[in-house]
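Structure at a glance
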Amino acid sequence: MNNNENYLIFFPVCILTKGYQRSVILDLQRAILDFIPNDLYEIYMNHNKKKVADILQNYDTQDKEIVTEYIDFLVKNEYAILGTQHDAEHISELSLKYNFCGKITNCVCEYSKFLFENMQTLLKIIDEKLGCSAMQIICKETINMAELSEFVQKFKDITFLNHLEIILPYSHEYNEKNVNTLLLKNFIINRLTFYSAPFDEIKDLKHTFVIYLRENLKNNKCGIVDKSYLTQNIYHVTEAHHYNTCLHKKLFIDGNGNIKNCPFSENTFGNILNDDIEKIIKTASFKKFWRITKDKIKVCKDCEFRYICTDCRVFIKDKNDIYSQPSNCYYNPYIAKWKGEDGYITVEEWMKPDTAQ
């Protein structure tokens, strides 16, 4: 390690989150995640931008060696630098303030005859009035290529929308030639997913992804918390610090045009064609879950992944408690193990008096 007169300075793009058993350090620029002991998290909280010599004065001889190893680890892996006092004074912190100019960030629509016939009208509302940036179309029944092509053409004059994902059941008509023709004519499609396919495959076409899944997505997979679903970007992390990452500024339109928070929520707030959507999304009932962050949710608040995973307020363990843990979460932060790993037990098992540590 360099001279103890240098200052320990964490890179601003590195976000640290403390969990019950361990912490994580997330480098947002490189999308790298490392597990670190909670002691190292405390060094970050108490000694960032302080002189190394001053930091070491807080520890006895044995602990000084450990802290020195920690600092070496941070510098070697480029999570921090040993800089000058000038560096410490002028390297600014990363703002975790969440900003999005649109009134709705994501809209999920259930494909239907209603949606096909009214899509252009709906886009004027969702795209122009709400400033929605991403839309997902879910098809429960097979539609032919001609109908799909005609439907996608309705998106040609969009303003704010920059991400379109279409999910539909596989058909032999969706061969490579037809799919490529569709995508070349419609660059708005960022992801095209075929479920109930005869094979699993992901094709990266640079401007879009084509995904084939054997799985039948008609089965309910909502609310699953799995390590493959972790989202390591600044937009998600900043939103997670202030809002619910599943329902905040999210909108669902069912096959009849009814307005909901998500596909599985029971409450309907009106109809997209008959009611004023701008007034609806401002109501307290529609925004009921928007500010429920993972820091407020039982078990989640003790999890080191809480700022990079999504949440579900529909499928929860206790229906009478809106702060209950998601029922489809497969991670136990108290033992730092995912379901299927050796030694895994559920949170409920761990909390039994003869099990909890």
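This write-up is about the structure you can find in this document. Note that the structure is a prediction, hence the values are computed from the model and not measured.

Per the secondary structure count, the protein chain includes ten helices and 16 strands. Sorting the 357 residues of the protein chain into buried and exposed places 47% on the buried side. Within the protein chain, contacts between residues separated by at least 24 positions form 64% of all contacts whose residues are at least 6 apart in sequence. Total accessible area computed for the protein chain in this model is approximately 18,500 Å², and 48% of it derives from carbon and sulfur atoms.

To continue, consider the sheet that holds strand β11 (residues 201–204). The strand order β11-β12-β10-β9-β8-β7-β13-β14 describes an open sheet built from eight strands, whose pairing is mixed. Either end of the sheet is taken by a strand with one partner, and the two such strands are β11 and β14 (259–260). Pairing of β11 with strand β12 (residues 209–212) involves four bridges; the strand directions are antiparallel. Residue pairing across strands places Ile202 opposite Ile211, the latter belonging to β12. Its contacts with the sheet put helix α7 (residues 176–185) on β10 (189–195), β11 and β12, and the angle it makes with β10 is roughly 155°.

The strand order across the open sheet built from three strands is β5-β1-β6, with neighbouring strands paired in antiparallel fashion. The sheet terminates laterally at β5 (50–51) and β6 (80–83), the two strands that pair on one side only. Pairing of strand β1 (residues 7–10) with β5 involves two bridges; the strand directions are antiparallel. Within β5, the residue paired with Tyr7 across the bridge is Lys51.

If you walk through the whole model with that rule in mind, you get 14 salt bridges. Across the pair Lys51 and Glu5 runs a salt bridge, and its minimum N-O distance is 3.2 Å. Here Lys51, found in strand β5, pairs with Glu5, found in the segment before β1; they are 46 residues apart in sequence, far enough to count as distant. One network of salt bridges, in which partners are shared, links Asp27, Arg30 and Glu78.

In this section: the packing of aromatic side chains. The final tally for this structure, using the stated rule, is 25 aromatic pairs. Here the aromatic rings of Phe10 and Tyr44 are separated by 4.8 Å at their centres, their planes lie at 75°, and the arrangement is edge-to-face. With Phe10 in strand β1 and Tyr44 in helix α1 (residues 38–47), the pair connects residues that are 34 residues apart, well separated along the chain. Within the aromatic cluster, the residues linked to one another by ring pairs are Tyr170, Tyr174, Phe194, Phe199 and Tyr212. It is Arg22 that lies over the ring of Phe35; its NZ or CZ is 3.6 Å from the centre. Cation over ring: Lys154 sits above Phe116, and NZ or CZ is 4.6 Å from the ring centre.

Here we take up helix α3 (residues 61–76). Count 3.6 residues to each turn of an α-helix, and residues three or four apart come out pointing the same way. With 16 residues, α3 should cover 22 Å at 1.5 Å per step; its first-to-last C-alpha distance of 23 Å lies within 8% of that length. For α3, the elements touching its buried residues are β1, β3 (23–27), α1, α2 (52–56) and β6. Looking one or two residues past α3, Glu78 carries a phi angle of roughly 60°, positive in sign.

Counted residue by residue, strand β2 (residues 14–18) has four buried out of five residues, so it is predominantly covered. Note that β2 and β3 share five bridges and pair antiparallel. Looking at β3, one finds that Cys14 is bridged to Asp27. Between β2 and β3, which pair antiparallel in sequence order, lie four residues.

On the surface, Lys282, Lys287, Arg291 and Lys296 cluster together into a positively charged patch. You can see Lys296 is positioned in the loop between α9 (277–280) and β15 (331–332). A relative accessible area of 44% means that Lys296 is categorised as partly exposed.

Rules and cut-offs
Here, residues in each chain are numbered from 1, in the same order as that chain's written sequence. Since the coordinates come from a predicted model, pLDDT governs what is reported: local features require at least 70, and pairs of side-chain atoms require 80 or more to be given and counted, while whole-chain, interface and lining totals use all residues. Heavy atoms throughout the structure, all of them, feed into the side-chain values; hydrogens and water do not. Helix numbers and strand numbers start at the N terminus; a helix is a DSSP run of H or I with at least 4 residues, a strand a run of E with at least 2. When accessible area is computed with a 1.4 Å probe and restricted to protein chains, residues below 20% of their type maximum are described as buried, those above 50% as exposed, and intermediate ones as partly exposed. By the convention used here, residues are in contact when the closest approach between their heavy atoms is within 4.5 Å. Using the Shrake-Rupley algorithm and a 1.4 Å probe, accessible areas are obtained, with residue cover drawn only from the displayed protein chains. Strands are labelled as partners when DSSP assigns at least two bridges between them. Between the N-to-C directions of two axes lies an angle of 0 to 180 degrees, each axis being a line fitted to C-alpha atoms and, for a helix, fitted only over the stretch in contact. Salt bridge, as used here: a side-chain nitrogen of Lys or Arg that lies within 4 Å of a carboxyl oxygen of Asp or Glu. Between 30 and 60 degrees the pair is tilted, below 30 it is stacked and above 60 it is edge-to-face, where a pair is any two Phe, Tyr or Trp rings, Trp via its six-membered ring, whose centres lie within 6.5 Å. The criterion is that NZ of a Lys, or CZ of an Arg, lies within 6 Å of the ring centre and within 35 degrees of the ring normal, and then a charge sits over that ring. Take the number of residues in a helix, subtract one, and multiply by 1.5 Å to get its expected span. Patches here: salt-bridge-free residues with over 30% relative accessible area, like charges joined within 9 Å, nonpolar side chains (Val, Leu, Ile, Met, Phe, Trp, Tyr) joined within 5 Å. Lys and Arg are tallied as positive, Asp and Glu as negative. Neither His nor the chain termini are counted. Working definition for charges: the position is that of NZ of Lys, CZ of Arg, CG of Asp or CD of Glu.

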